[in-house]
Amino acid sequence: MADQHLSAFDDVLASSSLLDTAVALLGMRVRTLFVGALTEVAITEVEAYDGPNDPASHAYNGQTVRNATMFGPPGCLYVYRSYGIHWCMNITVGATGDPAAVLLRGAVPVAGVETITRRRGRVDHLTDGPGKLTQALGVDGSHDGSSVVDGPVRLFEATHEITSIETTPRIGISKATDRPWRFVAELRS
DNA sequence: ACGAGGATGCTCT
DNA sequence: GAGCATCCTCGTC
C-alpha cells in the first residue's frame, strides 16, 4: 500500500483495539528537537489504560482539568506529574470523547545520548522507566495536549525489529492490578 | 540483585 | 488530607 501520505501514527491507529494499538507502539521512535539538541528513543515498554472501563485510568471518574487531553483527539500527548516530582507521558489513542491512552514506560536511546545523559545526570538507566524516559527526552507538562504528528514530540515508524514481546500486569497501580496490559519488547540491536 | 524509605506537589475527596 | 501510572540512595545478601 502506497500510504506514504499517512503518518506513522495513522498506521498505529489502524490497529483494531486499544491493546493492539499499545503493542503497535512498541519499536516506534519518539523524537524531540529542543534548543538544537535532538534526542530519539525506540519504545520498549508500554501500558494500556482504558478510560471509563478501567479503574486504574486517570479518566475512570470522568473528565477533569488534569486529564482533559485524554478526552480530546487521538495522537496527542497526555503528560502528567507523578509523585510530585516526575513527568510521565501517554499517547492518546481513543477517538475524541474516548479517553483511552497508552503510557510510555521504557525505551532504548537511539540518538542524542550525550544530551540524554546530561538531562538525566547519569550515564546508566537512561530511559528504563516512565519518569526517566520523559526526562531523557526533555518532555514536561508544557507538552501536554500537543500532537505527536505535528508537535514538538513526534512519533516515527519503527526501525528496530522486535524479537519478543512479554505481557504482564501493569506496574505501580493499586486498582485493576490483574489486567495484563503491560507490554515489554525486546529489540534486535 | 533486591528491598526499604524518603522526596515532592498536585489532584480530587 | 489521602493517595498517587516514580526515582534515587543506601543498606543487605
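See the structure above.
The rules behind these values
- Residue positions are given per chain, counted from 1 along the sequence in the order it is written.
- Naming scheme: in the order in which they are written, chains are lettered from A and ligands are numbered from 1.
- A pLDDT threshold of at least 70 governs which residues receive local features in this predicted model, and a stricter bar of 80 or more applies before side-chain atom pairs are shown or counted, although totals over entire chains, interfaces and linings include all residues.
- Just so you know, side-chain values use all the structure's heavy atoms and leave hydrogens and water out.
- Secondary structure elements follow DSSP: runs of H or I of four or more residues count as helices, runs of E of two or more count as strands, with numbering from the N terminus.
- To sort residues, take the accessible area from a 1.4 Å probe on protein chains only and compare it with the maximum for the residue type: under 20% means buried, over 50% means exposed, and anything in between is partly exposed.
- Contacts are assigned to residue pairs with any non-hydrogen atoms lying within 4.5 Å of each other.
- By convention in this text, a residue qualifies as near a molecule or strand provided that one of its non-hydrogen atoms is within 4 Å of it.
- What qualifies as a polar contact is a pair of N or O atoms within 3.5 Å, subject to a donor-acceptor requirement within protein and to the restriction that residues adjacent in sequence count only when both atoms come from side chains.
- Pairs were defined over the aromatic rings of Phe, Tyr and Trp, the Trp ring being its six-membered one, requiring ring centres within 6.5 Å. Orientation was assigned from the angle between planes: stacked under 30 degrees, edge-to-face over 60, tilted for the rest.
- Criterion for a charge above a ring: Arg CZ or Lys NZ at most 6 Å from the ring centre, at most 35 degrees from the ring normal.

Visitor: How would you explain the side chain of Thr115 if you had to name every residue and give the values?
Guide: One can find Thr115 in helix H3 (residues 113-120). Residue Thr115 is classed as buried on the basis of its relative accessible area of 12%. For Thr115, the residues in contact, after removing those within four places along its chain, are Ala37 and Thr39.

Visitor: Before we move on, could you go through the protein's contact with DNA strand C and cite the residues and values that matter?
Guide: For DNA strand C, the set of nearby residues contains 20 residues, the closest of which are His58, Tyr80, Asn90, Arg120 and Gly131. Interatomic distance of 2.7 Å between a side-chain N/O atom of Arg120 and a phosphate oxygen of DNA strand C. Residue Lys132 places a main-chain N or O atom 3.0 Å away from a phosphate oxygen belonging to DNA strand C. Counting only elements with at least two residues in the surface near DNA strand C, the list comes to strand E3 (77-82), strand E4 (86-92), strand E5 (100-111) and helix H4 (130-137).

Visitor: Give me the packing of aromatic side chains: which residues, what numbers.
Guide: If you walk through the whole model with that rule in mind, you get one aromatic pair. The interplanar angle of 25° and the centroid separation of 5.6 Å between the aromatic rings of Tyr78 and Tyr80 together place this pair among those described as stacked. Take Tyr78 and Tyr80: they sit in the same class, and that class is buried. A cation sits over an aromatic face here: Arg31 above Phe156, 4.0 Å from the ring centre. The cationic tip of Arg170 hangs over the ring face of Tyr49; the distance from NZ or CZ to the ring centre is 4.6 Å.

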